[in-house]
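Take a look at the letters that make up each chain.
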Amino acid sequence: MSTNQVDSVSGDDDRDTDGPSFADLGIDERILAAIADVGYESPSPIQAATIPPLLSGADVVGLAQTGTGKTAAFAIPILMGLEATGRSPRALVLAPTRELAIQVAEAFGRYAAHIPGLHVLPIYGGQSYGVQLSGLRRGAHVVVGTPGRVIDHLEKGTLDLSQLQYLVLDEADEMLKMGFQEDVERILADTPSDKQVALFSATMPPAIRKISKQYLHDPVEITVKAKTSTATNITQRWVLVSHQRKLDALTRVLEVESFEAMIIFVRTKQATEELAEKLRARGFSAAAINGDIAQNQRERTIGQLKSGSLDILVATDVAARGLDVDRISHVVNYDIPHDTESYVHRIGRTGRAGRSGEALLFVAPRERHLLKSIERATRHPLTEMQLPSVEDVNAQRVTKFGDAITENLASSNLALFRKLIEDYEREHNIPLADIAAALALGSHDGDNFFMEPEPEPVERPQRDRPLRERPARRLDEDRGGAHHRVSGTELATYRISVGKRHRVVPGAIVGAIANEGGLRRSDFGHISIRPDHSLVELPAQLPAETLEALRRTRISGVLIQLQLDQGPPQHRTFSRGQRREREGAKRPERRKPRS
């Protein structure tokens, strides 16, 4: 395997102005015209390194992060060599998510704008089969799909890969992480042996290396080394805020920061819906996307974000993968990610198309170590930010109120309403200022126009006498509902409706509850797995929304129905003296032996 390494700064529009031009790479006029329409002036490093070997017919392994321009790196050579005849697909691109599949298909369409008669079709789960079947019957020269849906069409006999010339595995490591390895190998086995293959991955784990050796022929390996993991045009800040104050902190940021569009990342699907609803209640234009939302609704929501009719998207990591909207100016990590790769992917949603972007990270006091990990991995120190004060928010509200008046003074309908108000003034003899204030009151909540400081939490008075520390209670003592403290956190025993017969293990319990409830591993105490249920020690004071989310959580497909454990029925117990009295009442008194 030949190797070509290229140093590059990560970023979607990272163009090497000192390197070759697109024309220097031997690209034909039709595609050069499309590239000019898109606005690209020069190739990115991975494009400059990848396009020539692909044009020469070689297989390629490209190691590059998301956002380095790799879609054009494989789309342009494929379009140049494609035989756009017949109805069978000539190129197949496999992508891990439907969002990425749609994004890649759209990119192919842009680069093929001046190639008449060429058809591109995305196929993915969540979309009706009817649309995809119609597209396949009409003929699709390039198919971009997720592995699961491609397998479905192969099994139904609706997708014919016998004429395939090109196969691309995009973000191959993500496909394997998501459990698609068998599907990918099955698809590869069903394709012609003389096809050209391009594999792109951010990392090269053993499974990817195995696929490369088995299915690629003497591939050229191209590595794009990133000098930094985050784009330099993104300003990264962090703010220290407790979990209980996050919504208040976010509200202050939204009111004071000037933003065009924003993505707010949370950990759980439940949290996307809850936070979006709370933001709408505060007057913000917000919507949620997560894995449970139907694809047509998802596409409609993203379309609203692109058009400007929606300003805020609340999303999980998986739901936002592949999302490409130029007008996103801000990314807020409402819940801090537990791995640095997720952080890099999240903030990569802003600063697109050469624009500057803003990334804000909420950090709870116990999460400072995660902040340090992000700074070490990205080699980019984040700037601490002070939250806007109540005075800042109120000053901004007054400014916006004045701006709205100024804007409305320029309206062509002003004369109509001026006459109505003058008539009202003469008829009721009320000052104009009072009339204006009454009209403003009709469009604003006077009681809540100014933000009030949140009351400080009331500290419970300390007892005069310190409590004696007690050892942690064992779960098998069967003392239902009992609490104890571990490392300063009061824990209680909860019961969940999965046990040994469901083949659950402690790791599955911790993973599911931590993910859906937004908990940390340090929040867990003892776990005892019983035949038909399990007992788990968790913080005693779980928020109501967390409890509700966990009641609806499933482990091994079973609804866990989390609730406080009440223990077994309490049986009546007796002291030794009482027991003797009872025994004495029941048994006849023994006679003393005669002497």
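Since the model is a prediction, treat every value here as computed from it, not as a measurement.

### A closer look at the pairing of strand β10 (residues 262-265)
Alternating positions in β10 separate into two faces, Met 262 and Ile 264 on one and Ile 263 and Phe 265 on the other, with burial throughout. Sheet topology note: the β10/strand β12 (residues 312-315) ladder contains 4 bridges and is parallel. Within β12, the position partnered with Ile 263 by the bridge is Leu 313. Sheet analysis places β10 next to strand β13 (residues 330-333), joined by 4 bridges and oriented parallel. When the sheet's bridge partners are listed, Ile 264 is paired in β13 with Val 332.

### Quick word on the confidence of the model for the protein chain
In this model, the protein chain carries a mean pLDDT of 80, and residues with pLDDT of at least 70 account for 81%. Every residue in residues 5-17 scores below 50 in pLDDT, and together they form 43 contacts with partners more than four places removed in sequence or on other chains. Between residues 569-595, whose pLDDT stays under 50, and residues either more than four places distant or in other chains, the model counts 2 contacts.

### Digging into helix α1 (residues 29-38)
Three or four residues apart is the spacing at which side chains of an α-helix point the same way, because the helix has 3.6 residues per turn. All of the buried residues in α1 are Ile 31, Leu 32, Ala 34 and Ile 35. What you see down the axis of α1 is that its buried residues fit within an arc of 160°, all on one side. Across from the buried face of α1, at angles greater than 90 degrees, the exposed residues are Glu 29, Ala 36 and Asp 37. The inward-facing, buried residues of α1 contact α3 (70-81) and α4 (98-111). The N-capping residue of α1, defined by a side-chain oxygen 3.2 Å from the backbone nitrogen of Arg 30, is Asp 28. A positive phi of about 110° marks Gly 39, the residue just after α1.

Definitions and cut-offs
Residues numbered from 1 in each chain as written. Predicted model: local features only at pLDDT ≥ 70, side-chain atom pairs only at ≥ 80, totals over all residues. Heavy atoms only, no water. Buried < 20%, exposed > 50% of the residue type's maximum accessible area, 1.4 Å probe, protein only. Helix = DSSP H or I, 4+ residues; strand = E, 2+ residues; numbered from the N terminus. Pairing = 2+ DSSP bridges. pLDDT = per-residue confidence, 0-100. Contact = heavy atoms within 4.5 Å. Arc of directions from axis to C-beta. Polar contact = N/O pair within 3.5 Å; in protein donor to acceptor, adjacent residues only side chain to side chain.

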